Amino acid sequence: MNKKRLLKDKIAAKFMLGLVIFSGLLVFLIAFGLYYRAKPILDIKPLGQLLFSSSWRPLRGDFGFFPFIIGTFWVTAVAIFIAVPFSLLTAVYLSEYAHKLVRELTAPLIDLLAGIPSVIYGIWGVLVVVPLIKNHLAPFLGTFSTGYSVLSAGIVLAIMVFPVIIHVVIEVLRSIPNELRDASLALGATKWQTVKHVVLLKALPGIVAAVVLGVSRAFGETMAVLMIAGNVAKLPGSVFDPAYPLPALIANNYGEMLSVPLYDSALLLASLILLVVVLGFNVLSRIILIRIERRIQ
Amino acid sequence: MNRARIEENLFKGLMLISTVTILTCLLLILGTIIVKGLPAMNWAMVSQIPKGGFYLGKEGGILNAILGSLYLATISTVLSILISLPVVLYLNVYAKKGSRLAYFSRFSFDVLWGIPSIVYGAFGFTIMLYLGLRASLLGGIIAVTFLIFPIMSRAIDEVMRMIPAELLEASYALGATRLETAFKIVIRQSLPGILTAVLIAFGRGIGDAASVIFTAGFTDYIPYSLFRPAATLPLAIFFQLNTPIPEVQERAYASAFILTLIILLVSLSCRFLTKRFTKHLIK
Amino acid sequence: MELKTHISVNNLSVFYGNEPALKNVTVDIPDKKITVIIGPSGCGKTTLLKSFNRMLEAVEGIKISGAVLVDGENIFDPGIEITGVRKKMGLLSQRPYPLPMSIYDNVAYGPRIHGLKKKKELDRIVEHYLKESSLWEEVKDRLYTPASKLSIGQQQRLCLARGLAVEPEIILGDEPTSALDPKSSQRIEARFLELKKDYTIVVVTHILRQARRLADYVIFLYLGELIEHGPANQIFDNPKQEMTREYIQGVIS
């Protein structure tokens, strides 16, 4: 009887370990799969040319990703620029200042915001944000915009990123012991001084992690951006110009343009670039976390 | 002293503005979808498949996409549970504290969580080519499972990590094996969290378009085989919105309304189930 | 012996929701003496202590009535600046909670909060109070390392220095040695005996021996009620109340 139980335990352990290893290696599996399919184009063209050339003429065999990379960068940057201050202020308010009732009422709403599919965000962007920018904001600032622009995409992405950052930051703030706040308050610090000098400092590693999650989310978002950013393969001159981020490029063309030589390979290279950048974000954030922890914790 | 007070009030004001702005965004989104979608809703939308000329504004509904999405998300969610639960149990029950494997696994979940869904779509398509599959329900399931199992794993791990070590020790002290402890104590203690994680993953699976755009394909028929293409709600919305015909665009709004309703339902049941299952927990 | 009063507690009651934690406590705490609050756990010792610097108010659902007069001013008066009240008192909690910054910044935190910017002056304050809490010799070469790197005993002395650096009149100790090893506890106690020349000290403890070592004046609480208070020798050697005697003899605890 006992032997059977122990045997079961051992078999289960092996099986689970197998799954752990598989899921742990999945990142590499995906990276390898994409690399393998992107290899044909990498064999012919130098990587530098692929990454930094602005000429995108697949029919002539020119695959310059630069406009797409810059498009992705701008859209993500605008989104993070909006999302970080708003999310941090909201998270601090909800966890440090708001009444318990407010906190309990808003929590499900924030979760709901996180659950809304990107297509819905896309529709909303098309219906509300795009006209707003075309008819009001751009004319107000004396420029022209079709509305399908870096700014529209950035705004919609920012809203998608809010719940990601808020959720993590609130968790982090909640894990800080109240005695630490008390220690500062007891010295005669005001609540805000305590938040600014003690709570946020203590939460810094968590905040960095939250922002990285937010950046990855914005960076790889496809559908909403595809619907709003305008998809013009040119370097955007201002936030009112359209952009064509990498994920939108892949979604728009994959499966359809497979008759063009190397097109398929180029799009998988684009996927590989997305993957490598996300991996880079994560490694970078780990390094920053360790640094900060060494300094203050 | 006075400056400190002004600064505090300034930031309090900013915080309040931020919070209100974010909540307003949510209400605006829901409001827009309801205002635009509700008038375009009718019974045919949810009970019929597209008929001839549907995409030109003629009769029909999107039952094909509703069912396709439900099949796809449900099967993917079940598969994800089968992967996530053993993995997370291993990390929290079997792996030693501070083990390298656990650290590495959690890191890789973070990375997987951050990988854009379009990349899963592209990778899924690569696997399908390798297996000789064409765009099909099965292809969609593969891509969506890869997409949502890291989400589920991270969410379950977050809860299981909170279980105090003393609880496990109490079980070991009674002579239970790790496997028995995992199933009888750990799963039970984290059940609300597991349910939440499953529903979050399901919601993500049903709402994602980029991963299925070339793996699941699209069809006007209700899927009856794993090897046939399947329509999905997000893609139905996307395609309908992209036509120039106003009637079809109206239907896109109605479809968006249906998808939002499903997500709302998932979110609500999440709240409800969590409340119900917290009864026996050791706090 | 006639004592000058520093803190005067007047009919103070505290409720957590509907649970009373303190019932109508009235007591005077003498100036520049060590007052020790004793009593079994859960009797309201910490609640009484934390009402002095209004640290109770952060707790959800708390109700406070009555008055606490510090230097003759009621700290619960609506016109009173809460930060000013707290600045008057340094708090040592059960476990040391160093702020997430360097040793130097921990001590300089209070003065900076209250508007001091001059580096030279801060240097002087940091050195002075680290000496005052007898930590200077151990940390003078690593002032800029994180405070969390110190041992727990050192951390508690750092917290003492941090509290003293805002130039309080009163030091509040909430079982300040309960997390420390005997050697570190002894050092804290020695500091208290030294510091009472300049400060009014109020210490909560459940260790009777510590109370005997430190106390000039004793307050005995039981289940939220003030049972007895008076000079230390009177309470320890000749208590008036039966319950106090039983507690001191260890019959009840």
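Residues numbered from 1 in each chain as written. Chains lettered and ligands numbered in written order. Predicted model: local features only at pLDDT ≥ 70, side-chain atom pairs only at ≥ 80, totals over all residues. Heavy atoms only, no water.

Draft legend 1. Expanded view of the domain arrangement of chain C. All names here are of chain C. Looking at the assigned domains, one finds that chain C contains domain 1 (1-88 + 170-253) and domain 2 (98-167). Using C-alpha coordinates to define each centre, domain 1 is positioned 26 Å away from domain 2. Tallying the contact residues gives 12 residues for domain 1 and 14 residues for domain 2. Interface of domain 1 and domain 2: buried area, both sides summed, is about 1,200 Å²; carbon and sulfur atoms make up 63% of it. Taken as a group, Lys-87, Arg-187 and Arg-191 account for 43% of the area that domain 1 buries against domain 2, more than any other trio of residues on that side. Of the charged contacts, one joins Arg-187 and Glu-138 as a salt bridge, the two residues approaching to 3.4 Å between their closest N and O atoms. For the side of domain 1 that touches domain 2, a count of residues per class yields 8 nonpolar, 1 polar and 3 charged. (Domains from an automatic or database assignment. Contact = heavy atoms within 4.5 Å. Buried area = accessible area lost by both parts, 1.4 Å probe. Salt bridge = Lys/Arg side-chain N within 4 Å of Asp/Glu carboxyl O. Nonpolar A, V, L, I, M, F, W, Y, C, P; charged D, E, K, R; others polar.)

Draft legend 2. Structural detail: the sheet that holds strand S5 (residues 73-74) of chain C. All names here are of chain C. Pairing in this open sheet of 4 strands is antiparallel, and the strands run S2-S1-S4-S5 from one edge to the other. Two strands in the sheet have a free side with no partner beyond their single neighbour: strand S2 (19-30) and S5. As paired elements, strand S1 (residues 5-16) and strand S4 (residues 62-70) share 8 bridges and run antiparallel to each other. Within S4, the residue paired with Val-14 across the bridge is Ile-64. Where helix H1 (residues 45-52) meets the sheet, its contacts fall on S1, S2 and S4, and the angle it forms with S1 comes to roughly 120 degrees. (Pairing = 2+ DSSP bridges. Helix = DSSP H or I, 4+ residues; strand = E, 2+ residues; numbered from the N terminus. Axes fitted to C-alpha atoms, helices over the stretch in contact; angles between N-to-C directions.)

Draft legend 3. The pattern of salt bridges, seen in detail. Taken as a whole, this structure holds 29 salt bridges over all chains when the rule is applied. With its nearest N and O atoms 3.6 Å apart, the salt bridge here joins Arg-174 of chain A to Glu-171 of chain A. With Arg-174 of chain A and Glu-171 of chain A both in helix H6 (residues 150-174) and 3 residues apart, this pair spans about one turn of that helix. Residue Arg-174 of chain A is classed as exposed on the basis of its relative accessible area of 60%. According to the relative accessible area criterion, Glu-171 of chain A is partly exposed, its value standing at 30%. The salt bridge partner of Glu-81 of chain C is Arg-5 of chain B, with a shortest N-O separation of 2.4 Å. Placement of the pair is Glu-81 of chain C in the loop between S5 and helix H2 (82-87) and Arg-5 of chain B in helix H1 (residues 2-37), with the two residues belonging to separate chains. Classification of Glu-81 of chain C as partly exposed rests on a relative accessible area of 33%. Here the salt bridges do not stand alone but share partners, grouping Arg-286 of chain A together with Asp-110 and Arg-154 of chain B into one network. (Buried < 20%, exposed > 50% of the residue type's maximum accessible area, 1.4 Å probe, protein only.)

Draft legend 4. Layout of the confidence of the model for chain C. Averaged over all residues, the pLDDT of chain C equals 89, while 99% of them reach at least 70. Complex prediction metrics read pTM 0.89 and ipTM 0.90. (pLDDT = per-residue confidence, 0-100.)

Draft legend 5. Fine view of the sheet that holds strand S7 (residues 170-174) of chain C. Residues and elements named next belong to chain C. Taken together, the 6 strands give an open sheet; going across it, the order is S6-S7-S8-S3-S9-S10, and neighbouring strands pair in mixed fashion. Sheet topology places strand S6 (89-92) and strand S10 (225-231) at the edges, where each strand pairs with a single neighbour. When strand polarity is set aside, the average angle formed by the axes of neighbouring strands in this sheet is 15 degrees. As defined by bridge partners, S7 adjoins strand S8 (residues 200-204) across 5 bridges and the pair is classed as parallel. Bridging across to S8, Leu-172 finds its partner in Val-202. Contacts between H1 and the sheet are confined to strand S3 (34-38), S6, S7, S8 and strand S9 (217-222), with S7 contributing the most and set at about 150 degrees to the helix. Against the sheet, helix H6 (residues 152-164) contacts S6 and S7, and its axis sits at roughly 170 degrees relative to S6.

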